[in-house]
Amino acid sequence: MKKLLLVLLCSSLLVSSFTACSKDKKKDTKEDTTTVTETTVPETEAPEEEPILTDPTPFYGCWKYTNRDEWIAIYENGIYEVYEPMDSIIINREFVATEDGIHLPEQEGITLYFDEEGVLRSDIGDEFVEGESIFYTMYISNNFDTAEAE
């Protein structure tokens with residue numbers, strides 16, 4: 001009797017598993033009625049290239065205006081100072097390297113650059129020569145690495 005019950009129970013389980021499988025097949029055989037639409041992907045703009053900043057190294061040193069009696073000292077630590085003839089500092093601020101040269105925001109907002117002939121010029125027409133003065137050798141050379149912005 002136990003064997004008979006065991007066979008009936010196993011057969012009923014076997015029949016129910018086939019029934020469950022056949023239900024899944026019926027679900028899979030339904031037709032897909034969804035409509036596929038084409039979408040266009042918007043064109044992405046190419047990322048802007050970073051501007052190539054001017055190397056400030058050639059600007060380091062003391063430069064004398066050719067049209068007035070002032071000097072600009074440009075230091076390696078990112079500071080520039082403007083001097084009058086009696087060693088008085090007019091401006092002591094940071095400069096900014098740009099793609100066009102170095103920008104002196106507190107000095108009339110000028111940008112310094114070297115022209116094709118290697119002459120230091122400003123974008124407002126000033127021309128500079130290297131400072132070869134007693135002022136330069138006595139004062140600037142002693143303070144070249146110690147200048148700090150106010």
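Since this is a predicted model, take the numbers as computed values, not measurements. (Residues numbered from 1 in each chain as written. Predicted model: local features only at pLDDT ≥ 70, side-chain atom pairs only at ≥ 80, totals over all residues. Heavy atoms only, no water.)

(A) Just the overall build of the protein chain, in detail. Regarding its fold elements, the protein chain presents two helices and nine strands. Ordering the α and β elements of the protein chain from the N terminus gives α-β-β-β-β-β-β-β-β-β-α. By residue count, 27% of the 150 residues in the protein chain fall in the buried class. (Helix = DSSP H or I, 4+ residues; strand = E, 2+ residues; numbered from the N terminus. Buried < 20%, exposed > 50% of the residue type's maximum accessible area, 1.4 Å probe, protein only.)

(B) Spatial organisation of the side chain of Glu-81. Among the structural elements, Glu-81 can be located in strand β3 (residues 79-83). A distance of 2.6 Å separates the side chain of Glu-81 from the side chain of Tyr-75, its partner in a polar contact. Here the side chain of Glu-81 touches Asn-92 through a polar contact of 2.8 Å, side chain to side chain. (Polar contact = N/O pair within 3.5 Å; in protein donor to acceptor, adjacent residues only side chain to side chain.)

(C) Molecular detail of the packing of aromatic side chains. Tallied over the entire structure, the rule returns three aromatic pairs. Between Phe-59 and Phe-114 the ring centres are 4.8 Å apart and the planes differ by 40°, which places this aromatic pair in the tilted class. Placement of the pair is Phe-59 in the loop between α1 (2-28) and β1 (61-65) and Phe-114 in strand β7 (residues 110-114), with a sequence separation of 55 residues. Taken together, the aromatic side chains of Phe-59, Trp-63 and Phe-114 make up a single cluster linked through ring pairs. Of note, Lys-64 hangs over the ring of Trp-71, and the distance from its end group to the ring centre comes to 5.4 Å. Above the face of the Tyr-65 ring, Arg-68 is positioned so that its terminal group lies 3.8 Å from the ring centre. (Phe/Tyr/Trp six-rings, centres within 6.5 Å; stacked < 30°, edge-to-face > 60°. Lys NZ or Arg CZ within 6 Å of the ring centre and 35° of its normal.)

Nothing here speaks to function; it is geometry throughout.
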